[in-house]
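# Structural description and commentary
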Amino acid sequence: MRIGVLTAGGDCPGLNAVIRSVVHRALTGHGDEVIGFEDGFKGLLDGHYRPLDLNAVSGILARGGTVLGSARLERGRLREAAETAAELAQQYGIDALIPIGGEGTLTASRMLADAGMPVVGVPKTIDNDISATDRTFGFDTAVTVATEAIDRLKTTAESHQRVMVVEVMGRHAGWIALESGMAGGAHGICLPERPFQVEDVVKMVEERFSRGKKFAVICVAEGAHPAEGSMDYQKGVIDQFGHERFLGIGNRLAAELEQRLGKEARPVILGHVQRGGTPTAYDRVLATRFGWHAVEAVHRGEFGMMTALRGTDVTMVPLAEAVTQLKRVPTDRMHEAESVF
Ligand code: F6P
């Protein structure tokens, strides 16, 4: 068989581990040939690809980013890809395509599959918000980076008796804020799933100071926002590429807390640091398993599906199921976190 692989959307630690695993399983397990399209679906449309053999993927397991490059494709070009999906497969002589990506990529993959391309998707996002899988690789790395940041911020906050507001990624779901906030022992967590009352954050910090504690760390997801009437905040804008861009809840909340509390507050925006660098062992293992299972699904002819983690097992689920709704943080998970503030 000849298998195409590509990485699309925002990058994520573990992408290279999937590529490596696909190549190893396909070549040594099945005697297949693998080609890698460059810069996501753009490479597929523009004919930019290269053969991937064992040497091409040697030494990439621990590397962040993606050796194939990644890009977000405009809607018009995606339609173009869907309309010519079957011809594209024929043009490259591929028997299957394995796109590795997040919500947008999986939606595009579903369009291609519906249009006749044999597709097996692999989900990725540091946000962990794809509902059809219990976990995505990249999430554990992001949580580890954010937890270390909170640990570090606590010592400098204590030295200066400050309030630190650390903003982590998570546009629509607050999984990174929830888990890094819990692991780092943040004193408050603000998530997109539940608009926060700034008065509650102020009260919590005052209560800590009245107990003799001289600092506080608040972990806020970039998509979190105040409840109506609680604080002035314009959430975001749509940029020229059609993506929602947030205006910085971390900066805004730190300024508001400084004013209301009369204490120094500092924002720390972790941003893309959470997406860069080497994946954790957990993410390397999950990514490697996803790659292995994607190739097996190709050989079983299970197209229009994607790999998913259910409990401890990797299984296949329809791409249609993957993109119907986002996995948000449920209320009971918030209660568990709040009990240790
Ligand atoms: O979807 C993953 C994510 O990391 C989000 O949490 C974040 O808002 C977004 O990507 C930022 O991506 P970029 O800056 O690459 O557009």
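Values in this document were obtained by computation on a predicted structure and should not be read as measured data. (Residues numbered from 1 in each chain as written. Predicted model: local features only at pLDDT ≥ 70, side-chain atom pairs only at ≥ 80, totals over all residues.)

### Topic: the domain arrangement of the chain
Examined at the domain level, the chain breaks down into domain 1 (2-138 + 279-324) and domain 2 (141-276). Centre-to-centre, using C-alpha coordinates, domain 1 lies 33 Å away from domain 2. Listed by partner, the interface residues are 13 residues for domain 1 and 13 residues for domain 2. A breakdown of the residues in the side of domain 1 that touches domain 2 according to their chemical character gives four nonpolar, five polar and four charged. (Domains from an automatic or database assignment. Contact = placed C-beta atoms within 7 Å. Nonpolar A, V, L, I, M, F, W, Y, C, P; charged D, E, K, R; others polar.)

### Let's talk about the site of the ligand
Around the ligand, a shell composed of Gly10, Gly102, Thr125, Ile126, Asp127, Met169, Gly170, Arg171, Glu222, His243 and Arg275 is seen. A breakdown of the residues in the shell around the ligand according to their chemical character gives two nonpolar, five polar and four charged. Each of domain 1 (2-138 + 279-324) and domain 2 (141-276) accounts for three or more of the residues forming the shell around the ligand. (Near = placed C-beta within 6 Å.)

### With respect to the environment of Phe241
Relative to the assigned elements, Phe241 resides in the loop between strand S9 (236-238) and strand S10 (244-246). Of the residues examined, Phe241 has 8 C-beta atoms within 10 Å and is grouped as exposed. Along the sequence, Phe241 and Thr28 sit 213 residues apart, while their C-alpha atoms lie 41 Å from each other. (Helix = DSSP H or I, 4+ residues; strand = E, 2+ residues; numbered from the N terminus. Buried ≥ 20, exposed ≤ 12 C-beta atoms within 10 Å, placed from the backbone.)

### Side note on the pairing of strand S1 (residues 2-7)
In terms of burial, S1 is largely enclosed, as five of its six residues are buried. Regarding topology, helix H1 (residues 15-30) serves as the crossover connection from S1 to the parallel strand S2 (residues 33-37), and that connection is right-handed. Examined bridge by bridge, S1 and strand S4 (residues 96-101) share five bridges and lie parallel to one another. Counterpart to Ile3 in the pairing with S4 is Ala96. (Right-handed = clockwise from strand over helix to strand, strands pointing away. Pairing = 2+ DSSP bridges.)

### Let's talk about helix H7 (residues 175-184)
Most of H7 is tucked away: nine of the ten residues are buried. Buried within H7 we find Trp175, Ile176, Ala177, Leu178, Glu179, Ser180, Gly181, Met182 and Gly184. Looking at the buried residues of H7, the elements they touch are helix H6 (139-160), strand S6 (163-168), strand S7 (188-190), strand S8 (216-221) and helix H12 (331-338). The first or second residue beyond H7 is Gly185, which carries a positive phi of 70°.

### A few points about the sheet that holds strand S3 (residues 49-51)
Here seven strands make up an open sheet; going across it, the order is S3-S2-S1-S4-S5-S12-S13 and the pairing mixed. In the strand order of this sheet, the two ends are held by S3 and strand S13 (313-318), each with one partner. Neighbour-to-neighbour, the strand axes of this sheet turn through a mean angle of 30°, independent of strand direction. The sheet contact formed by S2 and S3 spans three bridges and is antiparallel. Residue Gly36 lies in a different strand from S3, and its bridge partner there is Arg50. Docked against the sheet, H1 engages S1, S2, S4 and strand S5 (120-123), running at close to 155° with respect to S2. (Axes fitted to C-alpha atoms, helices over the stretch in contact; angles between N-to-C directions.)

### Here we look at the packing of helix H3 (residues 75-83) against helix H5 (residues 103-114)
Between two packed helices, what matters for the description is the angle formed by their axes and the separation of those axes. It is at 8 Å that the axes of H3 and H5 come closest, and there the two elements cross at 30°. Here H3 lies roughly parallel to H5, going by the angle between them. Within the contact between the two elements, H3 uses Leu78, Ala81 and Ala82 and H5 uses Ala108, Met111 and Leu112. (Parallel < 35°, antiparallel > 145°, perpendicular 65-115°, else oblique.)

### What about the sheet that holds S7?
Judged by pairing direction, the sheet is parallel, and its four strands sit side by side in the order S7-S8-S6-S11 without closing on themselves. The sheet is open, and its two edges are formed by S7 and strand S11 (265-269), each paired on a single side. When the angles between neighbouring strand axes are averaged without regard to direction, this sheet yields 20°. As paired elements, S6 and S11 share five bridges and run parallel to each other. In the sheet register, Val166 faces S11, and the bridge partner there is Val268. Packed onto the sheet, H6 meets S6, S8 and S11 and runs at close to 165° relative to S6. Here H7 sits on the sheet and contacts S6, S7 and S8; the angle it forms with S8, its principal contact strand, is near 160°.

### Re the UniProt feature "binding site: ATP" (unreviewed entry) in the chain
Residues annotated in UniProt with the feature "binding site: ATP" (unreviewed entry) correspond here to Gly10, Arg72, Leu73, Gly102, Glu103, Gly104 and Thr105. These annotated residues cover 96 residues of sequence, and their C-alpha atoms lie no more than 12.9 Å from one another, placing them together at a single site. Mapped onto the elements, Leu73 comes out in the loop between S3 and H3. Discounting chain neighbours no more than four positions away, the residues touching Leu73 are Gly40, Phe41, Lys42 and Leu78. (UniProt positions renumbered as here; feature names shortened; annotations may be inferred.)

### Concerning the packing of helix H8 (residues 198-210) against helix H9 (residues 249-261)
Two elements in contact, H8 and H9, have axes separated by 11 Å at closest approach and are oriented at 60°. As the angle between them shows, H8 and H9 are arranged oblique. Handedness of the crossing formed by H8 with H9: right-handed. Contact with H8, carried on its side by Val198, Val201, Val202 and Val205, involves Glu256, Leu257, Arg260 and Leu261 of H9 and no other residues of that element. Considered class by class, the residues forming the contact of H8 with H9 number six nonpolar, no polar and two charged. (Left-handed = near helix turned anticlockwise from the far one by under 90°.)

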